[in-house]
Amino acid sequence: MTLGAAERTFETAQQALEACYEFGWTDGLPVVPATAEAVAEMLAAGGLEPGEVLGTVPTRNVTVTAEKTAINAVMAGCRAEYFPVVVAAVRAHLQTKANSHSTTATLAGAAHAVIVNGPVRHDLGIQSGQACFGPGFRANATIGRALRLVIRNVCRAVPGELDRASFSWPLRYSFCFGENEEASDWVPLHVQLGYQLDDSVVTVQSVMRLIQVTEFDAEPEKILDAIWEHARHAGLLRDEWAGDGRSVVVVIGTEHQLRLLHDGWTKERIANYLWPRMTADTVGKYDNKLHLAAPANIMIVAAGGPGIAQSWLLVPHLAIPTHELVRSPSGAA
Amino acid sequence: MALVILDPTNGPIDAASGFVTAPRPADLKGLTFGIMANGLGDSETMFDALCAGLAESDGVADVVKVVKASVAVPPSPEEWDRFTASASVAVTGLGGCGSCSTRSMRDALDLEAAGIPAVCIVHSALVPAVRAMARLVGCPDYPIVTIDYPHNPTGVWTKEEARALAREIAPAVRQRLTQAS
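Please read all numbers here as calculations on a predicted model, not as lab measurements.

Structural notes on the overall build of chain B
Here's step 1: When helices and strands are tallied, chain B shows 5 helices and 6 strands.
Here's step 2: For chain B, the sequential pattern of α-helices and β-strands runs β-β-α-β-α-β-α-β-α-β-α.
Here's step 3: On C-alpha atoms alone, chain B measures out to a radius of gyration of 17 Å, which is about the 16 Å that the 2.2 N^0.38 rule sets for 181 residues.
Here's step 4: Overall size of chain B, expressed as C-alpha extent along the three principal axes, is 75 × 35 × 30 Å.
Here's step 5: In chain B, buried positions account for 49% of the 181 residues.
Here's step 6: Sequence-distant contacts, at least 24 apart, represent 78% of the contacts inside chain B between residues at least 6 apart.

This is the structure:
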């Protein structure tokens, strides 16, 4: 396998690491030295040739290849077997309607949630349960970080250059979690999107706001009322270019899910309950309609662990959620 | 033993060179003035007033305007064709947020490459952003017109403020779009 990236030679790993900082190749955290052997192993795990194009950012003259993605995946700390998920996340992020340029140059500092469904969660240890949004899980941390390093190093979203976030935020280091499909008989997100149950799929949602909804009432309608009331504080404007695909992701936590399941609530019923309430006309200064075309634009995902009665809203930037099948090295799903 | 590592980037942002701007007309008289707007805040009011003012002061004959469907996307192919078929000179913007400023700068640079003299209207807060975009295409010193504080970067202005801004920037726009530059 012939790689095309420029090489840099150092005497020690510490010197290489310091050089990565000097060159501006890191997110501020240490990176793993990307040797040709490690990158080749990554590409082999994905069944990809170095020059295969995963996508582009036309506004920036950027083409993202498998090789550059593999280098950044190594640097992020991924194991080689994570690479098909990284590739799916990068491909999803580079779909036109994911609006890479806008979501990564914005003053608002949008993040990107990588939501994983299917058997690959178990194969790789992608956490969907307790503490799944946070640190402690190599697959979650490094897959999400790999996407962010690609956005930084390949797509040129470097603070001071084309990353113009006024504050930015910690989710831009990494944000990856799985759906807890086993917690119930709810239809998993990827099946709702048209994939087979045994497919593994990555969905990428831009995240302009991450809103916590804590509601201790046991009555399902009261829980859902808290969700749409929190959502309406933020609101969601219509964007003609993004069109009817713009969606919010509602991550239903374990305690809320148990109460909803107890009373027989399905994802479809939840979305049908929330949609008219989220999209009703604005009535006050701190009340804002969400422009969501249909109940299907409320994407319900189960995740998190037991304890606090909590769910989360992932409100998008100027993009729609995009999804990609995780492909095995042979090219099959 | 030496450690050899691979470059994770697409190279330096300023690697391109040789960008050529479009030839400028002597003046704006009788020309069709193009507005490639992104709809940010109240900037459309400013652009409309700018065009009306230049019609009165400089004899601009006609206007073609595109308001893109989102603040930081390219014009659609149909919008691009309609715009470039008639615009003699053009302004783009408002460069008032991170993604829209850089995209508006790209719009101006793309118009230059298509032979249409252009200028991007940018808030001073976003000058480093559009400079990065200019470096990316190999034209680091590409002229812009700036708006400054106390005006809000993201175009949250009153109508009168927007019209006053149009009057303020008109001389600089004229200069950038003609041989006076």
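What follows continues from the structure just given.
A short note on the overall build of chain A
Here's step 1: Each helix and strand in chain A was counted, giving 11 helices and 11 strands.
Here's step 2: Its C-alpha atoms put chain A at 65 × 40 × 30 Å along the principal axes.
Here's step 3: Going through the 333 residues of chain A one by one, you find that 53% of them count as buried.

Remarks on the sheet that holds strand β8 (residues 248–252) of chain A
By definition, the strands of a sheet pair up through backbone hydrogen bonds, in either a parallel or an antiparallel sense.
All names here are of chain A.
Here's step 1: Strand order in the open sheet made by the 4 strands is β7-β10-β8-β9, with mixed pairing throughout. A single partner strand is all that each edge strand has here, and the edge strands are β7 (209–214) and β9 (298–302). Taking each pair of neighbouring strands and ignoring which way they run, the sheet shows an average axis angle of 20°.
Here's step 2: Bridge count for β8 against strand β10 (residues 310–315) is 4 bridges, and the pairing is antiparallel. Looking at β10, one finds that Val 249 is bridged to Leu 314.
Here's step 3: Packing of helix α9 (residues 220–234) onto the sheet brings it into contact with β7, β8 and β10, and relative to β7 it is tilted by some 150°.

Thoughts on helix α1 (residues 43–58) of chain B
All names here are of chain B.
Here's step 1: For α1, built from 16 residues, the straight-helix expectation of 22 Å at 1.5 Å per residue is met to within 8% by its first-to-last C-alpha distance of 21 Å.
Here's step 2: Those residues of α1 that sit buried are Ser 43, Met 46, Phe 47, Leu 50, Cys 51 and Leu 54. Buried positions in α1, seen along its axis, are confined to an arc of 135° and lie on one side of it.
Here's step 3: For α1, the elements touching its buried residues are β2 (32–37), β3 (62–67), β4 (89–95) and α5 (159–177).
Here's step 4: Positive backbone phi, approximately 80°, marks Gly 59, located one or two places after α1.

Let's talk about the interface of chain A and chain B
Here's step 1: Listed by partner, the interface residues are 44 residues for chain A and 25 residues for chain B.
Here's step 2: Among the secondary structure elements, those contributing two or more residues to the side of chain A that touches chain B are β1 (7–10), α1 (13–23), α2 (36–46), α3 (66–76), α5 (100–105) and α7 (138–154) of chain A.
Here's step 3: Relative to strand β1 (residues 3–6) of chain B, β1(A) runs antiparallel, the two being bridged by 4 bridges. Pairing of Glu7(A) across the sheet is with Leu6(B), part of β1(B).

Considerations on the domain arrangement of chain A
The parts lose accessible area when they come together, and the size of an interface is often stated as this lost area.
Residue and element names in this part refer to chain A.
Here's step 1: For chain A, the domain assignment lists domain 1 (13–206) and domain 2 (209–315).
Here's step 2: For domain 1 and domain 2, the distance between their C-alpha centres works out to 26 Å.
Here's step 3: With 18 residues of domain 1 at the contact, the number on the domain 2 side is 16 residues.
Here's step 4: Among the residues making up the side of domain 1 that touches domain 2, the classes are represented as 10 nonpolar, 6 polar and 2 charged.

A short note on the nonpolar core
Residue and element names in this part refer to chain A.
Here's step 1: Residues Val 85, Val 86, Ala 89, Val 114 and Val 248 are the most contacted members of the largest nonpolar core, which totals 162 residues.
Here's step 2: No other element matches α7, which puts 9 residues into this core.
Here's step 3: Residues lining this core come from more than one domain, with at least three contributed by each of domain 1 (13–206) and domain 2 (209–315).
Here's step 4: Excluding anything up to four places from it in sequence, Val 86 contacts Thr 69, Ala 73, Cys 78, Ile 143, Ala 146 and Leu 147.

A look at the sheet that holds strand β6 (residues 201–207) of chain A
Residue and element names in this part refer to chain A.
Here's step 1: Pairing in this open sheet of 4 strands is mixed, and the strands run β5-β4-β6-β11 from one edge to the other. Pairing within the sheet leaves two strands with one partner each, and these edge strands are β5 (176–178) and β11 (322–325). Adjacent strand axes in the sheet meet at a mean angle of 25° when their direction is disregarded.
Here's step 2: The sheet contact formed by β6 and β11 spans 4 bridges and is antiparallel. Directly across from Thr 203, in β11, lies its bridge partner His 323.
Here's step 3: Docked against the sheet, helix α4 (residues 83–93) engages β4 (111–117), β6 and β11, running at close to 45° with respect to β6.

Points about the environment of Ile121(B)
Residues and elements named next belong to chain B.
Here's step 1: Along the polypeptide, Ile 121 turns up in strand β5 (residues 118–123).
Here's step 2: For Ile 121, a count of 29 C-beta atoms within 10 Å corresponds to the buried category.
Here's step 3: Remark: the alpha-carbon pair of Ile 121 and Gly 18, spanning 103 residues in sequence, is separated by 23 Å.
Here's step 4: Beyond its immediate chain neighbours, meaning those up to four positions away, Ile 121 contacts Val 91, Gly 93, Leu 94, Gly 95, Val 145, Ile 147 and Ile 169.

Here we look at α2(A)
Here's step 1: When we look at burial in α2(A), the residues that qualify are Ala38(A), Val39(A), Met42(A), Leu43(A), Ala45(A) and Gly46(A). All buried residues of α2(A) project into a common sector of 160° when viewed along the axis, lining one side.
Here's step 2: On its buried face, α2(A) is in contact with α3 and α4 of chain A together with β1 of chain B.
Here's step 3: Gly47(A) sits one or two residues past α2(A) and shows a positive phi near 65°.

Overview of the confidence of the model for chain B
Here's step 1: Scored by pLDDT, chain B has a mean of 95; 99% of the residues are at 70 or more.
Here's step 2: Both scores are given for the predicted complex: the pTM is 0.96, the ipTM 0.94.

As for unusual backbone geometry
All names here are of chain B.
Here's step 1: Note the cis peptide between Gly 93 and Leu 94, where omega equals 10°.
Here's step 2: Inspection of the secondary structure puts Leu 94 in strand β4.
Here's step 3: That bond from Tyr 149 to Pro 150 is cis: its omega, 15°, falls within 30 degrees of zero.
Here's step 4: When you line up the elements, Pro 150 lands in the loop between β6 (145–147) and α5.

What counts and how
- Per-chain numbering applies: the sequence of each chain, read as written, is numbered from 1 onward.
- To label them, take the chains in the order written and letter them from A, then take the ligands in the order written and number them from 1.
- pLDDT decides what is reported in this predicted model: residues at 70 or higher carry local features, side-chain atom pairs at 80 or more are listed and counted, and totals for whole chains, interfaces and linings draw on all residues regardless.
- Runs of E in the DSSP output that reach at least two residues are strands. Runs of H or I that reach at least four are helices, and both are numbered from the N terminus.
- Note on method: radius of gyration uses C-alpha positions; expected globular size equals 2.2 Å times residues raised to 0.38.
- The exposure label follows from counting other C-beta atoms within 10 Å of a residue's C-beta, where the C-beta atoms are placed from the backbone and the thresholds are 20 or more for buried and 12 or fewer for exposed, leaving partly exposed in between.
- Our contact criterion uses C-beta atoms placed from the backbone: two residues qualify when those atoms are within 7 Å.
- Strand pairing is assigned whenever DSSP detects at least two bridges linking the two strands.
- Axis lines are fitted to C-alpha atoms, over the contacting stretch for helices. Their N-to-C directions set the angle, which ranges from 0 to 180 degrees.
- In this scheme, a helix's expected span is set at 1.5 Å multiplied by one less than its residue total.
- Along the arc lie the directions from the helix axis toward the C-beta atoms.
- Where each domain begins and ends follows an automated or database-derived domain assignment.
- Gly falls in the polar group here, along with every residue not listed as nonpolar (Ala, Val, Leu, Ile, Met, Phe, Trp, Tyr, Cys, Pro) or charged (Asp, Glu, Lys, Arg).
- We define a nonpolar core as a collection of buried residues of the types Ala, Val, Leu, Ile, Met, Phe, Trp, Tyr and Cys that are connected via C-beta atoms lying within 7 Å of each other.
- In predicted models, pLDDT denotes the confidence assigned by the predictor to each residue on a 0 to 100 scale.

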